[in-house]
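# Fold and geometry: a report
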Amino acid sequence: MKYYSLNKKAPITTFENAVVKGLAPDKGLYFPEKITPLPQSFFDNIDNFSHAEIAFEAIKQFVSPEISEAELKRIVEDTLSFDFPIEKLTEHISTLELFHGPTMAFKDVGARFMARCLGYFNKDNTNEVTVLVATSGDTGGAVANGFLGVKGVNVVILYPSGKVSDIQEKQLTTLGKNIRALEVNGVFDDCQDMVKRAFLDEELTSKMQLTSANSINVARWLPQMFYFFFAYKQLHNSHKDIVFSVPSGNFGNICAGMMAQQLGLPIKHFIAANNANNVVTEFLKTENYQPKPSVQTISNAMDVGNPSNFIRIQEIYNQDFNVLKNNLTSYSYTDEDTCKALKEMYNDYNYVADPHGAVGYLGCKDYLKTNPNAHCVFLETAHPTKFLDVVEDVIKENIELPPQILSVMDKKKKATKISSYEELKSFLLK
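Residues numbered from 1 in each chain as written. Predicted model: local features only at pLDDT ≥ 70, side-chain atom pairs only at ≥ 80, totals over all residues. Heavy atoms only, no water.

### Regarding the overall build of the protein chain
Summing up its helical and strand segments, the protein chain has 20 helices and 14 strands in all. Taking 430 residues into account, the globule formula puts the C-alpha radius of gyration at 22 Å, and the protein chain, at 20 Å, falls close to it. Projected onto its principal axes, the C-alpha positions of the protein chain cover 55 × 50 × 45 Å. Restricting to contacts in the protein chain with at least 6 residues of sequence separation, those with at least 24 account for 76%. Within the structure as shown, the protein chain displays about 16,800 Å² of accessible surface, and the carbon and sulfur contribution to it stands at 46%. (Helix = DSSP H or I, 4+ residues; strand = E, 2+ residues; numbered from the N terminus. Rg over C-alpha atoms; globule rule 2.2 N^0.38 Å. Contact = heavy atoms within 4.5 Å. Areas by Shrake-Rupley, 256 points an atom, 1.4 Å probe, with all protein chains shown as cover.)

### Remarks on the packing of aromatic side chains
Summed over all chains, the structure comprises 24 aromatic pairs. Ring geometry for phenylalanine 42 against phenylalanine 49: centres 5.4 Å apart, planes inclined by 20 degrees, an arrangement best described as stacked. By relative accessible area, phenylalanine 42 is classed as buried at 5%. Just above the ring of tyrosine 120 sits the side chain of lysine 123; from NZ or CZ to the centre is 3.9 Å. A cation over an aromatic ring shows up here: arginine 312 above the ring of tryptophan 221, its NZ or CZ 4.2 Å from the ring centre. (Phe/Tyr/Trp six-rings, centres within 6.5 Å; stacked < 30°, edge-to-face > 60°. Buried < 20%, exposed > 50% of the residue type's maximum accessible area, 1.4 Å probe, protein only. Lys NZ or Arg CZ within 6 Å of the ring centre and 35° of its normal.)

### Re the pattern of salt bridges
Under the counting rule described, the total for this entry stands at 16 salt bridges. In this structure, the salt-bridge partner of glutamate 422 is arginine 197, at a minimum N-O distance of 3.5 Å. Here glutamate 422, found in helix H20 (residues 421-429), pairs with arginine 197, found in helix H8 (residues 188-199); they are 225 residues apart in sequence, far enough to count as distant. Looking at glutamate 422, the relative accessible area reads 48%, which means it is partly exposed. Assessed through its relative accessible area of 44%, arginine 197 is described here as partly exposed. Lysine 365 serves as the salt-bridge partner of glutamate 344, at 2.9 Å between the closest nitrogen and oxygen. With glutamate 344 in helix H16 (residues 335-349) and lysine 365 in helix H17 (residues 355-370), the pair connects residues that are 21 residues apart, well separated along the chain. Here glutamate 344 falls in the partly exposed class, since its relative accessible area comes to 23%. (Salt bridge = Lys/Arg side-chain N within 4 Å of Asp/Glu carboxyl O.)

### Topic: the pairing of strand E6 (residues 129-134)
Across the six residues that make up E6, a large majority, six, are buried. The alternating pattern of E6 places Val129, Val131 and Val133 on one face and Thr130, Leu132 and Ala134 on the opposite face, and all of these are buried. Sheet topology note: the E6/strand E7 (residues 153-160) ladder contains six bridges and is parallel. Within E7, the position partnered with valine 131 by the bridge is valine 155. As judged from the three bridges shared by E6 and strand E9 (residues 209-211), these two strands associate in the parallel manner. Paired with valine 131 across the bridge in E9 is threonine 211. (Pairing = 2+ DSSP bridges.)

### A closer look at the UniProt feature "domain: Threonine synthase N-terminal" (unreviewed entry) in the protein chain
In this structure's numbering, the residues bearing the UniProt feature "domain: Threonine synthase N-terminal" (unreviewed entry) are residues 2-79. With 46% helix and 12% strand, the stretch residues 2-79 has end C-alpha atoms that lie 23 Å from each other. (UniProt positions renumbered as here; feature names shortened; annotations may be inferred.)

### Section: the sheet that holds strand E4 (residues 86-88)
Pairing is mixed in the open sheet, where six strands are placed in the order E4-E5-E13-E10-E11-E12. Two strands bound the open sheet, and with one partner strand each, they are E4 and strand E12 (328-332). Mean inter-strand twist for the sheet, computed between neighbouring axes without regard to direction, equals 25 degrees. Two elements, strand E5 (residues 93-97) and strand E13 (residues 375-380), share five bridges in a ladder whose sense is parallel. In the strand pairing of E13, isoleucine 93 is matched with cysteine 376. (Axes fitted to C-alpha atoms, helices over the stretch in contact; angles between N-to-C directions.)

### Observations regarding helix H11 (residues 225-235)
Think of an α-helix as 3.6 residues a turn; residues three or four steps apart then line up on the same face. Within H11, nine of the eleven residues are buried, leaving the element largely enclosed by the surrounding structure. Of all the positions in H11, only Met225, Phe226, Tyr227, Phe228, Phe229, Phe230, Ala231, Tyr232 and Leu235 are classed as buried.

### A word on unusual backbone geometry
The linkage connecting serine 64 with the following residue, proline 65, adopts the cis geometry, with an omega of 0 degrees. Note on placement: proline 65 falls in the loop between helix H3 (51-63) and helix H4 (69-79). The backbone of lysine 8 shows a phi angle near 60 degrees, a positive value even though the residue is not glycine. By the element assignment, lysine 8 lies in the loop between strand E1 (2-5) and strand E2 (13-14). In this model, lysine 27 sits at a positive phi of 80 degrees, which is unusual for a non-glycine residue.

### Focus on the packing of H3 against H11
Each pair of packed helices can be described by the angle between their axes along with the distance between the axes. Where H3 meets H11, the axes come as close as 10 Å, and the angle between the chain directions of the two elements is 140 degrees. When the axes of H3 and H11 are compared, the pair comes out oblique. Every pair of crossing elements has a handedness; the one defined by H3 and H11 is right-handed. Of H11, the residues touching H3 (which contributes His51, Ile54, Ala55, Ala58, Ile59 and Phe62) are Met225, Phe226, Phe229, Phe230 and Lys233. Here the residues of the contact of H3 with H11 are counted per class, giving nine nonpolar, one polar and one charged. (Parallel < 35°, antiparallel > 145°, perpendicular 65-115°, else oblique. Left-handed = near helix turned anticlockwise from the far one by under 90°. Nonpolar A, V, L, I, M, F, W, Y, C, P; charged D, E, K, R; others polar.)

Here it is, written out as structure tokens:
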């Protein structure tokens with residue numbers, strides 16, 4: 001598969017180069033040259049395939065021939081070492097739990113897949129690669145865990161000071177080895193802007209190989225397709241239209257779902273469930289895309305004022321606003337709405353969600369008001385214990401900490417505080 005820059009001013013490149021470089025030389029995100037739908041027989045027989053077999057078929061065309069089929073099967077099986085269960089709340093609402101991996105967040109899949117691809121490409125290379133990543137919450141921990149100990153790869157994670165949960169901070173600041181954390185005096189958009197600036201700094205890139213593990217990287221973004229296939233396998237016998245409500249921040253997850261749809265997965269519609277950072281919700285109302293500074297919410301992983309992956313979504317729909325709007329609905333919710341949803345799910349269904357899942361649940365409820373026959377699946381993107389203070393305060397119960405969380409609670413945080421791009425650059429050059 002070849003990849004092109006969405007800014008259309010850079011050379012066509014390979015999957016390996018797109019992964020290693022992260023961003024194209026013209027600052028654009030990479031996008032595959034073509035998308036070939038899977039045969040109908042694959043969907044007809046999906047019940048007969050394991051998760052690893054489904055994922056292999058979904059991702060194969062995007063990495064071939066640079067990774068052999070045998071190696072890709074090994075990477076996929078190693079990536080998917082945990083489950084993705086569906087929990088039914090009502091006749092028309094289910095949740096897909098994506099928090100059963102090592103850091104208890106949906107980003108474990110993309111981080112593990114990318115780490116294994118980069119390790120494969122780097123196995124005979126004596127040069128080191130530095131993975132530079134900004135996080136609004138869960139990306140940092142997932143990337144830190146996924147890349148821990150990978151040969152020839154150093155990881156530098158930027159996170160906004162005081163704007164990730166205590167557990168999220170522990171997961172990205174306590175591993176040591178090849179993982180470094182930078183605590184930024186600012187918001188997530190400041191972290192993301194610093195990362196993008198570093199990629200474009202020729203003085204920096206002439207001295208070191210930088211790549212990104214945010215969802216701007218194709219190897220982090222594309223594996224997120226897998227979730228939607230796994231949900232379809234569990235739900236398709238209901239014979240209802242399947243709609244996904246995706247808590248959306250940088251829009252990588254929902255964009256991956258749209259790629260799954262392009263491969264032929266029978267998804268009826270998508271809901272982008274936003275918190276107060278509602279750039280896309282407003283765009284679908286006005287056709288005016290207006291990025292703005294992010295605001296802090298209790299669903300912090302979605303605190304993004306300029307979602308990077310929305311340009312990929314527009315590319316999928318050929319920049320046609322009406323076609324996009326026919327396939328995407330977006331709602332925005334306040335923290336108060338989110339807390340009410342957390343309480344409702346606990347009281348009515350005995351289900352403990354996290355704040356991001358609660359926003360997705362609200363998206364389902366609103367969509368079903370005008371589409372009552374659909375089966376709406378919201379993505380539960382992180383374990384509720386990662387947002388312990390918020391969730392326990394709302395449901396008035398203590399939540400038992402799972403082993404993945406207990407393992408980091410007593411570890412010592414190690415992070416370097418920075419306030420400017422110049423400080424980031426100095427840190428990287430040292």
